[in-house]
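Report on the structure
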Amino acid sequence: MEFRDLKKQYQVLKKDIDEAMTGVAASTAFISGPAVAKLEQELSEYVGAKHCISCANGTDALSLAMMAWGYGKNDAVFVPDFTFFSSGEIVSHCGATPVFVDVLEDSFNMNPQSLIEAIEAVKAEGKLTPRCVIAVDLFGQSVDYDAIRPIANRYGLTLLEDAAQGFGGSIRGKMNCSFGDISTTSFFPAKPLGCYGDGGAVFTDDDDLAALLRSLRIHGKGADKYDNIRIGLNSRLDTMQAAILSVKLRAFADYELRDVNTAAQKYNEQFEDKLRGLLGSKIKLPQVKEGYVSSWAQYTIILEDKSTRDGLQAYLKDRGIPAMIYYIKPMHAQGAFDGVKTVYTSLETTDYLCDRVLSLPIHPYMTDEQSEVVDCIRDYFNAR
Ligand SMILES: *Cc1c(COP(=O)(O)O)cnc(C)c1O
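Structure report, in brief. Keep in mind the model is a prediction, meaning the values are calculated, not measured.

The subject of this paragraph is the nonpolar core. Ranked by internal contacts, the top residues of the largest apolar core, which has 68 residues, are F271, I301, L360 and I377. Top element by residues in this core is helix α3 (residues 58-69). It accounts for seven residues. Once residues within four sequence positions are removed from consideration, I301 is found in contact with F271, I283, K284, L285, P286, L312, R356, V357, L358, L360 and I377. V36, A49, F167 and A251 belong to the second-largest nonpolar core, a separate cluster that totals 31 residues.

Here it is in structure tokens:
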């Protein structure tokens, strides 16, 4: 069984993808070809943001945002403790300090109360200036922006939405990648919308920021690329990736987002049918808030303790079912931040989750694998 079946997806889209790839090869416009501008237009329309600036990967997309705002020494940027390393790495990379914030058990996303506590603690200490909050739409579900946006506004912080896993998710019809002052995504192959290599994008409604981001991604260019007016990056999206993404975006919007939601629903039904007695106590299923749509980058369950979780992962693996632990280590425990004060508040829910989460295979091209996975989980609990 595949964790995310990209081979099946290619078989379905093969004709269009092959055509897109050979079209770029024949044109030899490998960098900044017309497919890039076309994709940026399609992406900004899809998410409902005025500007889309494509770039080399999701990490660069976040870095470009930090550079556009000019954050650096003595600036505090608030980051969830439960996320992929990039979300914190890019803060240190620009010379600012990541301050880790706890998450909520039911959504895996930033806890608004913990954010307030962390901001207040940083202010009380008086060494760093609170500048920005990075809200990560983890596993495909939007952060609770109704709660987080007013906090950012109240403390005068910019809001950066890291939607690397959240592309396609929404709240009451408003799409992820449209909630931040700047929002970013990743097209790493296993993300909800993935390409055939690395890729990323930045979104904003702000004309000035958009112009700055376009300059920063090509060596801080001014009038042209041999006129350099600021220090930037070399962070373009390949034309080949853009052409592939246009095909895949169409499939994503037409049926993949719908089908991955059906796949998640099927898991829920299988668990209800076969393991009802364990739900809530021994196994917690992922919750999607009312009015929210997830793009199901992951379908993540919570087990009662670490040994049960680790045992289940090994049991599934022996039976050919890949299950992954996202994330096994809280950000604040990563060695890269040793010697930096990144903790200003309790991070107990992240610690709790890192010991108990398990992500099961999910993708839009599943047929009946959910039944096999849940049968296997039932066997594991019966054998104990
Ligand atoms: C994948 C990911 C990134 C980084 O994206 P890349 O394209 O791999 O650089 C950033 N943030 C989160 C939350 C991610 O999951």
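Once that is clear, we can look at the pairing of strand β5 (residues 158-162). Most of β5 is tucked away, with five of its five residues classed as buried. In this structure, strand β4 (residues 129-136) lies alongside β5, joined through five bridges in parallel fashion. Residue A135 lies in a different strand from β5, and its bridge partner there is E161. Once you follow β4 into helix α6 (residues 145-154) and on to β5, the crossover reads as right-handed. Across three bridges, β5 lies against strand β8 (residues 182-186) in parallel orientation. Looking across to β8, one finds that E161 is bridged to S183.

Tracing the backbone shows P80 in strand β2 (residues 75-80). For P80, a relative accessible area of 3% gives the class buried. Along the backbone, P80 and M331 are 251 residues apart, and their C-alpha atoms lie at a distance of 8.0 Å. Ignoring anything within four residues of it in the chain, the contact list for P80 reads F100, V101, V103, M110, I134, V136 and M331.

This next bit is on the packing of α3 against helix α4 (residues 86-93). For any two helices packed against each other, the geometry comes down to the angle between their axes and how far apart the axes lie. Between α3 and α4, the shortest axis-to-axis distance is 9 Å and the interhelical angle comes to 40°. In terms of orientation, α3 and α4 fall into the oblique class. Judged by the sense of rotation from one axis to the other, the crossing of α3 with α4 is right-handed. Between α3, through T59, L62, S63 and M66, and α4, the contact on the second element is made entirely by S86, S87, E89 and I90.

What follows covers the environment of L62. Topologically, L62 is positioned in helix α3. Owing to a relative accessible area of 2%, L62 belongs among the buried residues under this scheme. Spatially, the C-alpha atom of L62 lies 36 Å from that of G280, the residues being 218 residues apart in sequence. For L62, the residues in contact, after removing those within four places along its chain, are S86, S87, I90, L160, D162 and T184.

This part is about the site of the ligand. Not every one of the 13 residues close to the ligand is listed here, only the nearest: G58, T59, D162, S186 and K191. D162 places a polar side-chain atom, nitrogen or oxygen, 2.7 Å from a nitrogen atom of the ligand. With the chains in place, 93% of the 380 Å² that the ligand exposes on its own is no longer accessible. The set of elements that each furnish at least two residues to the shell around the ligand consists of α3 and α4. Counted by class, the shell around the ligand contains three nonpolar, eight polar and two charged residues.

Analysis parameters
Residues numbered from 1 in each chain as written. Predicted model: local features only at pLDDT ≥ 70, side-chain atom pairs only at ≥ 80, totals over all residues. Heavy atoms only, no water. Core = buried A, V, L, I, M, F, W, Y, C linked by side-chain atoms within 4.5 Å. Buried < 20%, exposed > 50% of the residue type's maximum accessible area, 1.4 Å probe, protein only. Helix = DSSP H or I, 4+ residues; strand = E, 2+ residues; numbered from the N terminus. Contact = heavy atoms within 4.5 Å. Pairing = 2+ DSSP bridges. Right-handed = clockwise from strand over helix to strand, strands pointing away. Axes fitted to C-alpha atoms, helices over the stretch in contact; angles between N-to-C directions. Parallel < 35°, antiparallel > 145°, perpendicular 65-115°, else oblique. Left-handed = near helix turned anticlockwise from the far one by under 90°. Near = heavy atom within 4 Å. Polar contact = N/O pair within 3.5 Å; in protein donor to acceptor, adjacent residues only side chain to side chain. Areas by Shrake-Rupley, 256 points an atom, 1.4 Å probe, with all protein chains shown as cover. Nonpolar A, V, L, I, M, F, W, Y, C, P; charged D, E, K, R; others polar.

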